[in-house]
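Commentary on secondary and tertiary structure
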Amino acid sequence: MDSKQFAALLNEDRRFPPPAEFAARANVADESLYEQAARDREGFWAAQAERLHWFRRWDKVLEWNPPFAQWFLGGKLNVAYNCLDRHLQTHTRTKAAIIWEGEPGDERVLTYLDLHREVCRFANVLRQMGVGKGDRVTIYLPMIPEAAVAMLACTRIGAIHSVVFGGFSAESLRDRINDSRSKVVVTADGGWRRGNIIRMKQIVNEAVVDCASVEKVIVVKRIGHESLVEHGWHPGRDHWYHTLMRNAPVTCPVEEMDAEDPLFILYTSGSTGKPKGVLHTTGGYLTQVAATTKYVFDLKDEDVYWCSADIGWITGHSYVIYGPLANGATTLMYEGAPDYPDRGRIWEIIQKYRVNIFYTAPTLIRSFMRWGEGWPSKYDLSSLRLLGTVGEPINPEAWMWYHKHIGGERCPIVDTWWQTETGAIMATPLPGVVHTKPGSTTRPFPGIEMAVVNEEGQEVPPGAGGYLVVKSPWPSMLRTVWGDPDRYVSTYFGRFGHQVYFTGDGAKRDEDGYYWIIGRVDDVINVSGHRIGTMEVESALVDHPLVAEAAVIGRSHAVKGQAITAFVTLKEGRRGTPDLVDELKQHVVTKIGALARPEEIYFAADLPKTRSGKIMRRLLRDIAEGRALGDTTTLADPNVVAQLRQQYESQE
Ligand code: PRX
């Protein structure tokens, strides 16, 4: 967010009370949940846990040995049982669990009975391959129902899944498989994206060459073109999903898991080069995810609910799969791009399936704004009754557009703040109670204690900016960084002591106690709601033989929120050319994935650094956002940055 946007945010004084009609039917219509949680936080969370099915009740709600928390100690449960089996005992059994639409327009609906059957089958397949409790399974799939089946099958037998977003490169996939030491990889022959095929099996082939832990690769036939699998099929290692499923029994006993048994690993970027494996466990995660889904989205039995996130991200885990299914809801999955075959696709889907609740990212809303309200206005969006956003700060202008052109001025908007590490929503309006302000995530969810603090960890007065922290443990918090507990402690509990979780975000709290998230204060870039570490991109760049040094920053971008800008110094005697810009961008794509492609690359004779050798990112951001220099063209004068350094050091 640039300073102009931030100033506009601070002046935002529009208020939107819950519409009367909405509030009259809302799951939460008064302050009682907030009051209950304020009186007895652990009691509140225990009451939420009661909504799940436990094979054995917990002995103790919370054990807090800062910074390590354990929730619902002694409790036994199973996530797949909670998402599927228990619904088979009610009318929900024949209800749609997943409504799926493929990019080419193919459709599938799986009832809870169907999904249960598929999950049992695949759980048996995994067991038969020797996967047991605590083993890791990497899932690298497009947005197809089999992704949900694979995740739930893992939870059924107590295996730990690690879903890797389908846009990551072979190298990124390889690093994640190796870090988790996965036994099995589940993938597809390919996936559709804007009419093109992403050759996923081929990417897996490249990745697993260097993965000693991988015994089996299971391949879903999504596309069905022979050419996708004719090379690199390893008999013995590779198996077709449909063949394995054909012979698998349709019942499968569930593993009774301890509340604190690991549920999944999800890799996310931090401020160092290597992505962190965020570890979530069973009981606390499901408790908070189920409760937030019910209350934040005001979920009703008859709703069609659509969260447009990919399962490769935490939002896809918590609010496409686990939260909705734990509540017996109908969750919609769409495989493809929002602008394929045209820019009306999202609205067409909402009209077609009569979607009631729609949850998406601000970046998408800003794209829709740019494409014009002519697209949504062609469709009947009257089924919508609640809208949500997540992933990055939403600028008030985009909020107002969403409110007016998608919500028809009748749908509350829930701006939900949370992170991969928090597992579930942490700050959000409860839509039947909280008056919203465009651009504010409003209040912490009941049972969550947040604060804005200064450098010393003291709470700042209303209106002042500072660091966003969480003051006490919450059920769905990450438990550790996979294989690296020290990193867990230093990253999240190093800055303000072991009691206080540091989010990495800057924020402001206003006079009404509402939170306004400003964005990351660490070296993490948020591109279209996706987290990328500056160091990851820098390592990818310096991996290129011509690059000597690289500095990467996030600059504000009208649609993506932030875009990646790289400053590169080349090895002695090398000159930057437009061709080299393209080559370096492609190099980053190959190393990390398309989501990390730098928007622009500048060549510099030297990078601006402090005397202690630290790169002055703030200065680079000024350059990239045109503040110090006005418009910069692709190839900036190599002397410019050096001159800037001189200017800076003379002022220091
Ligand atoms: O900077 C915050 C931003 O996204 C970061 C977390 O990214 P990730 O772990 O990928 O999870 C994204 C989806 C939960 C946060 O540190 N962020 C997320 N939600 C919001 C947000 N920034 C402002 N407003 C939000 N509602």
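Along every chain, residues carry numbers that run from 1 in the direction the sequence is written. Local features in this predicted model are restricted to residues whose pLDDT is 70 or higher, and side-chain atom pairs enter the listing and the counts only when it is 80 or higher, whereas totals over whole chains, interfaces and linings include all residues. Side-chain measures here rest on the full set of heavy atoms in the structure, leaving out hydrogens and waters.

1. Brief notes about the site of the ligand
Lining the immediate surroundings of the ligand are 17 residues, of which Asp415, Thr416, Thr420, Asp505 and Arg520 lie closest. Pro393 places a main-chain nitrogen or oxygen 3.4 Å from a nitrogen atom of the ligand. By the criterion applied in these results, polar contacts are pairs of N or O atoms within 3.5 Å in which, for protein atoms, one can donate a hydrogen and the other can accept it, and in which residues neighboring in sequence qualify only through two side-chain atoms. Between the ligand and Thr420 there is a distance of 2.6 Å, counted from an oxygen atom to a side-chain nitrogen or oxygen. Residue-level accessible areas treat just the shown protein chains as cover; the underlying method is Shrake-Rupley with a 1.4 Å probe. The fraction of the free accessible surface of the ligand (550 Å²) that becomes covered by protein chains is 96%. A helix here means a DSSP run of H or I that spans at least four residues, while a strand means a run of E at least two residues long, and both kinds are numbered starting from the N terminus. Elements represented by at least two residues in the shell around the ligand include exactly helix 12 (314-326), strand 20 (413-416) and strand 25 (515-520). Residues are labelled near a given molecule or strand when at least one of their non-hydrogen atoms is within 4 Å of it.

2. Focus on the UniProt feature "domain: AMP-binding enzyme C-terminal" (unreviewed entry) in the chain
UniProt positions are given in the numbering used here, feature names are shortened, and annotations may be inferred rather than shown by experiment. Within this numbering scheme, the UniProt entry marks residues 536-614 as carrying the feature "domain: AMP-binding enzyme C-terminal" (unreviewed entry). Helix makes up 27% of residues 536-614 and strand 32%. Its end C-alpha atoms lie 17 Å apart.

3. Considerations on the sheet that holds strand 5 (residues 107-111)
Taking strand neighbours across the sheet as the criterion, the seven strands line up as 5-4-17-16-18-19-20 in an open arrangement whose pairing is mixed. Of all strands in the sheet, those with a lone pairing partner are strand 5 and strand 20, marking the two edges. Sheet twist, expressed as the average angle between the axes of neighbouring strands with direction ignored, equals 20°. Strand pairing is assigned whenever DSSP identifies at least 2 bridges connecting the two strands. In this structure, strand 19 (residues 386-390) lies alongside strand 20, joined through four bridges in parallel fashion. Across the sheet, the residue bridging to Gly388 is Val414, located in strand 20. Axes here refer to lines fitted to C-alpha atoms; in helices the fit is confined to the stretch in contact. Angles between the N-to-C directions go from 0 to 180 degrees.

4. Some details on the UniProt feature "binding site: Mg(2+)" (unreviewed entry) in the chain
In the numbering used here, UniProt assigns the feature "binding site: Mg(2+)" (unreviewed entry) to Val542, His544 and Val547. One can find Val542 in helix 18 (residues 534-542). A simple rule labels every residue: compare its accessible area, found with a 1.4 Å probe on the protein chains alone, to the largest value its type can have, and call it buried under 20%, exposed over 50%, or partly exposed in between. The class for Val542 is partly exposed, based on a relative accessible area of 38%. Not counting residues up to four positions away in its chain, the partners in contact with Val542 are Val547, Ala548, Glu549 and Ala550. Among the secondary structure elements, Val547 is positioned in strand 28 (residues 547-557). Its relative accessible area of 2% is what places Val547 among the buried residues. Those residues in contact with Val547 that lie beyond four places of it in its chain are Leu541, Val542, Val568, Thr569, Leu570, Lys571 and Leu584. What makes two residues a contact is simply this: any of their non-hydrogen atoms within 4.5 Å.

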